[in-house]
Every structure is written in C-alpha cells, then in structure tokens.
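Survey of secondary and tertiary structure
Listed here are the chains, written in short residue letters.
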Amino acid sequence: MTLALYAEIEKIEEDEEQVRYRYTDIQGSQYTLALNKATEVIASENGADDMLYRAVARKIATVWLDSGATPERLVVQS
C-alpha cells in the first residue's frame, strides 16, 4: 500500500506574534494552523493531528527555522 500526501498551503494572516496558514488536502477539505513566532510552536486550529498535518507543520517549520521567512505559499507532496 502506498500512502501519498499532498496539501496546498497558503498564508492567510500574519502579525508580529503569529502566522496563520490554511491548507487544503486532496479531497478539498481545509484546515488551519498557527505558527507562534516567539515560541516557534505550530498548533492546529481544527484539532487535526494526522500525518498530513504533521507534514504541513514540518514544511512550515523548516522554512521558518532555515530562513526566518514566512512563505506565502507552499506545497507538501510525497
């Protein structure tokens, strides 16, 4: 069995404390999460805690930690 992950991620809001992102899965379902800039913690706003959520959070965290940037759009694909 092959498990594929795919999500389109877009920044929906940013202020000095946090960045909120929305991501859409392959079925078109949408979820949101927030990156706290001070603590560098990402938390689901919808209670999602599955493989896709973790992949999305990891992608955002990697860009944030590597560059300090909060990208407008990303894609998770594997």
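As the structure is a prediction and not an experimental result, all values here were calculated from the model.

Turning our eyes to something else, we now look at the sheet that holds strand β4 (residues 41-44). Sheet strands associate in pairs through backbone hydrogen bonding, adopting either a parallel or an antiparallel arrangement. In spatial order, the strands read β4-β3-β2-β1-β5; together these five strands make up an open sheet with antiparallel pairing. The open sheet has two free edges, formed respectively by β4 and β5 (73-77), since each of these has just one partner strand. Strand-to-strand, the axes of this sheet are offset by a mean angle of 25°, without reference to chain direction. Where strand β1 (residues 6-14) lies against β5, five bridges are found, and the strand directions are antiparallel. Pairing of Ala-7 across the sheet is with Val-76, part of β5. Sitting on the sheet, helix α1 (residues 51-67) touches β1, β2 (18-25), β3 (30-36), β4 and β5, and the angle it makes with β5 is about 130°.

Positive phi values are uncommon outside glycine, yet Glu-40 reaches one of about 60°. Following the sequence through the fold, Glu-40 ends up in the loop between β3 and β4.

What counts, and where the lines are drawn
Residues numbered from 1 in each chain as written. Predicted model: local features only at pLDDT ≥ 70, side-chain atom pairs only at ≥ 80, totals over all residues. Heavy atoms only, no water. Pairing = 2+ DSSP bridges. Helix = DSSP H or I, 4+ residues; strand = E, 2+ residues; numbered from the N terminus. Axes fitted to C-alpha atoms, helices over the stretch in contact; angles between N-to-C directions. Contact = heavy atoms within 4.5 Å.

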